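The chain contents come next:
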Amino acid sequence: MTSIKPTMRAKSVFLKTARGRKPSSQRWLHRQLNDPYVQEARAKGFRSRAAFKLIQLNEKFHFLKPGITLIDLGAAPGGWAQVAVQKINPRQTGGKVVGIDLLEIEPLSDALLIQGDFLELDQRQKIKALINEGAQVVISDMAASTIGHAGTDHLRTIALAEMAFQFAKEVLTSGGTFISKVFQGGTDPELLKLMKRHFKTIKHMKPQASRKESPEMYVVALGFHQ
Ligand SMILES: C[S@@+](CC[C@H](N)C(=O)[O-])C[C@H]1O[C@@H](n2cnc3c(N)ncnc32)[C@H](O)[C@@H]1O
């Protein structure tokens, strides 16, 4: 489908210091304009550069297969969902891609997208209503909006990963895969202990497309059992 590394590298774009633009916005804009994954995402029609993270995770762990049901938590703007639809091919195979996000997600053909808070029970029930016989894969790229207080931000991220894991336990079929964004050197030890009871193999991976300066990485749990 898509190569895992950007194939093109445009010349570096330099910005004149714009009057009225904060230094942080200036840095963000400079990074966006010079990021090969941003350019590659645009060229390939992906909604986000995050699409390449899922492609790279899948190149290593091969969990995206035609006909499966996949749940995408924190799906906006839809890069992962696009990759999942391409691989699962729901229209031809009867597979499903179900996504949820707090933010509105622009409709994507062959994906079922919900706007809502995954932490709320009724939203999780909505997801369950859309999948009839469980899911083979649950992926979570959810990130809490940071408030700048390291301890609080850390706890909020752990809470999202924990809830994603609890939900995965309820919906995954035997042998299923759970992938979640985690921070600060890996999965929280308590959560990891719980996960080990339900998965045959647990690995961590920081895809190449994940920015070096970002503390994010992904926990990849394979071989679900009750
Ligand atoms: C890094 S973005 C996901 C990018 C996405 N994987 C893609 O490929 O386009 C993280 C998303 O998690 C969502 N999020 C955070 N907390 C959430 C929650 N409680 N329920 C649903 N979505 C949540 C945010 O709104 C944000 O859009």
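What counts, and at which threshold
Residues numbered from 1 in each chain as written. Predicted model: local features only at pLDDT ≥ 70, side-chain atom pairs only at ≥ 80, totals over all residues. Heavy atoms only, no water. Helix = DSSP H or I, 4+ residues; strand = E, 2+ residues; numbered from the N terminus. Rg over C-alpha atoms; globule rule 2.2 N^0.38 Å. Buried < 20%, exposed > 50% of the residue type's maximum accessible area, 1.4 Å probe, protein only. Contact = heavy atoms within 4.5 Å. Areas by Shrake-Rupley, 256 points an atom, 1.4 Å probe, with all protein chains shown as cover. Lys, Arg positive; Asp, Glu negative; His and termini not counted. Charge placed at Lys NZ, Arg CZ, Asp CG, Glu CD. Near = heavy atom within 4 Å. Polar contact = N/O pair within 3.5 Å; in protein donor to acceptor, adjacent residues only side chain to side chain. Nonpolar A, V, L, I, M, F, W, Y, C, P; charged D, E, K, R; others polar. Arc of directions from axis to C-beta. Axes fitted to C-alpha atoms, helices over the stretch in contact; angles between N-to-C directions. Parallel < 35°, antiparallel > 145°, perpendicular 65-115°, else oblique. Left-handed = near helix turned anticlockwise from the far one by under 90°. Phe/Tyr/Trp six-rings, centres within 6.5 Å; stacked < 30°, edge-to-face > 60°.

(A) Geometry of the overall build of the chain. A tally of regular secondary structure across the chain gives eight helices and seven strands. What you see for the chain is a C-alpha radius of gyration of 18 Å, in line with the 17 Å of a compact globule of 226 residues. Along the first, second and third principal axes, the C-alpha atoms of the chain reach 55 × 45 × 30 Å. Split into buried and exposed, the 226 residues of the chain put 47% on the buried side. By sequence separation, contacts in the chain at least 24 residues apart represent 65% of the contacts at least 6 residues apart. Total accessible area on the chain stands at roughly 12,000 Å², and carbon and sulfur atoms take up 53% of it. Distance from the positive charge centre (33 side chains) to the negative charge centre (20 side chains) of the chain: 8 Å.

(B) Layout of the site of the ligand. Taken together, 20 residues surround the ligand, and among them S48, W80, D101, D117 and D141 come closest. A distance of 2.8 Å separates a nitrogen atom of the ligand from a polar side-chain atom of D141. Contact with the protein chains covers 87% of the free accessible surface of the ligand, which is 600 Å². Of the residues belonging to the shell around the ligand, the class tally is twelve nonpolar, five polar and three charged.

(C) View of helix α6 (residues 121–130). Looking at α6, one finds that the buried residues are Q123, R124 and I127. For α6, the angular spread of buried residues about the axis comes to 100°, placing them on one side. Turned more than 90 degrees off the buried face of α6, the exposed positions are L121 and A129. Those residues of α6 that are buried are in contact with β1 (69–73), β2 (96–101), β3 (112–115) and α7 (150–171).

(D) Layout of the environment of P66. One can find P66 in the loop between α3 (51–61) and β1. C-alpha of P66 to C-alpha of K96: the two residues are 30 residues apart in sequence and 9.5 Å apart in space. Setting aside chain neighbours within four positions, we find P66 in contact with K87, I88 and T93.

(E) Local environment of the environment of D153. One can find D153 in helix α7. By relative accessible area, which is 13% here, D153 ends up buried. When the C-alpha atoms of D153 and E190 are compared, they prove to be 17 Å apart, with 37 residues separating the residues in sequence. Not counting residues up to four positions away in its chain, the partners in contact with D153 are S145, T146, I147 and G148.

(F) Structural view of the packing of α3 against helix α4 (residues 79–88). Packing of α3 against α4 leaves a shortest axis separation of 7 Å and a crossing angle of 45°. Classified by the angle between their axes, α3 and α4 sit oblique to one another. Considering the relative orientation of α3 and α4, their crossing is right-handed. Here α3 contributes A51, K53, L54, I55, L57 and N58 to the contact with α4, which in turn contributes G79, W80, V83, A84 and K87. Of the residues belonging to the contact of α3 with α4, the class tally is seven nonpolar, two polar and two charged.

(G) Spatial organisation of the packing of aromatic side chains. Across all of its chains, the model carries eight aromatic pairs by this definition. Considering the side-chain rings of Y37 and F52, the 5.4 Å spacing of their centres and the 45° angle between planes classify their relative orientation as tilted. With Y37 in helix α2 (residues 36–44) and F52 in helix α3, the pair connects residues that are 15 residues apart, well separated along the chain. Overall, Y37 belongs to the buried group, its relative accessible area being 7%. A centroid spacing of 5.6 Å and a plane angle of 45° characterise the contact between W80 and Y218, whose relative ring orientation is tilted. Residue W80 is located in helix α4, and its partner Y218 is located in strand β7 (residues 217–224); the two are separated by 138 residues in the primary sequence. Overall, the relative accessible area of 3% leaves W80 in the buried class.

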